[in-house]
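# Results of the structural survey
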Amino acid sequence: MESGENSATVYNTFFELHQETRKGEKTGMTANKPVEKKEKSGTADRFWHPRFWDGMTMRTWYKQAAKGRFRMAPTGVAMFGIISGLSVINSGFAALQSLCYGRKIREAEIKHPPVFIIGHWRSGTTLLHEYMIQDKQFAFADTYSCFAPQHFLFSRRFFEPWVSFLMPKTRPMDNMAAGLNRPQEDEFALCAMGMPSPYINILYPNNPPIDPEFLTLKNVSPEQRRAWLDGLEYFLRCLTLAENKCVVFKSPPHTARIATILERFPDAKFVHIHRNPYTLYASTFNLWMQLSVVHGLQRPTGKQFETRVFEMFEDMYAAFAEDIRLLKPEQFTEVAFRELTSEPVATLERIYSQLQLADFEQAKPALEEFAASQKSYQKNKFQTDPAIESKITERWGWYINRYGYR
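Residues numbered from 1 in each chain as written. Predicted model: local features only at pLDDT ≥ 70, side-chain atom pairs only at ≥ 80, totals over all residues. Heavy atoms only, no water.

### Points about unusual backbone geometry
The backbone of F70 shows a phi angle near 55°, a positive value even though the residue is not glycine. Summarising the element assignment, F70 is placed in the loop between α2 (58-65) and α3 (74-107). On the basis of relative accessible area, F70 is assigned to the partly exposed category, the value being 31%. Even without being a glycine, R122 presents a positive backbone phi close to 70°. By the element assignment, R122 lies in the loop between β1 (115-118) and α4 (125-132). (Helix = DSSP H or I, 4+ residues; strand = E, 2+ residues; numbered from the N terminus. Buried < 20%, exposed > 50% of the residue type's maximum accessible area, 1.4 Å probe, protein only.)

### Notes on the pattern of salt bridges
A complete count under the given rule lists 17 salt bridges for this structure. The residue E233 makes a salt bridge to R237 at a minimum N-O spacing of 2.6 Å. Of the two residues, E233 and R237 are both situated in helix α8 (residues 222-242); the distance of four residues between them amounts to about one turn of the helix. Here R402 and E334 are joined by a salt bridge, their closest N and O atoms 2.8 Å apart. Taken together, the positions of R402 in helix α16 (residues 397-403) and E334 in strand β5 (residues 332-336) put the pair 68 residues apart, joining distant regions of the chain. Residues participating in the shared-partner salt-bridge network are D230, E233, R237 and R264. (Salt bridge = Lys/Arg side-chain N within 4 Å of Asp/Glu carboxyl O.)

### What about the sheet that holds strand β3 (residues 246-250)?
The strand order across the open sheet built from five strands is β2-β3-β1-β4-β5, with neighbouring strands paired in parallel fashion. The sheet terminates laterally at β2 (138-140) and β5, the two strands that pair on one side only. Between one strand axis and the next, the sheet turns through 25° on average, direction left out of account. By the bridge criterion, three bridges tie β1 to β3 in an arrangement that is parallel. (Pairing = 2+ DSSP bridges. Axes fitted to C-alpha atoms, helices over the stretch in contact; angles between N-to-C directions.)

Given below as structure tokens:
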């Protein structure tokens, strides 16, 4: 979902759910009745839809689920049981991949420095990722590989047709296409491999923050940081073995991890996309609510979401402001969401030039075709409470001043 640059009317089904779960409590966002209903947000949840956690092994699932002390709602018991059963199957396939591909993965040579698309949640990272992977010189982490990172090389041929049949056609929080072959955040792969991540909060939305220090990785031990990098490198080697190309990653948390990533990949390149922060707040609030409804073991109340959105933004961009000083000019570039949506091909050409990526002219026809397909896409719209807008102005001043938002 990509909403307009200014606050607009609330029409999202999120607010209907939000009103039911909060029972009238204030959340910092307006809960007006819909004014417009000409657009639809995402897809309705069904019990057979795959969950983020479906690809975890038994050991990983228990480790990640234990972080919330198994505090689940009655409606989460069935999900917990299904994922627990799938974890047995995943453990078997993970053992088979290790047996058949273990040596090949360890010996896979990473010839091309990875490219990381970074930016806050809902800033346009997914759209930029979709554009860049139109260029066939790049490989990417798709949904299947991110949900089953420990066995996708072995199991894809068996599982993909069946799981594809169960997948929804659009994402739960917006109108963007979903599917096992669509690009996905590698943060989910790291979660499924057992790495600590703030994304475990999706599983337990009503609990206190889980793994908050792993957003920036600045306050973890050297051993923990090395283990995290080992996980990222393992996944990159798997993707390289599957398709020996430059891998384009996309995960908003990496916005706060540039320094850590450079420890292992000193030549990595980064594309940062930014967007009107007054739009980001409402859209991100909706994101966490929708993801928690679909993928959580609890019924989200939303009580902690306002605080989390503000604090995670501030932690992310404090780390980002510190880390970008480490990058060479050919390693880093920035674009605005409005640039990407108004002049996508020209924006991509500038990215290629700044990062010294090859073969733009060869990729240009595919980029133009994809740009034409996006013209009919309708963005979700949200209305933000004036009190929240005042908080954004006060607390997110660095971002507002750097990128000229008012």
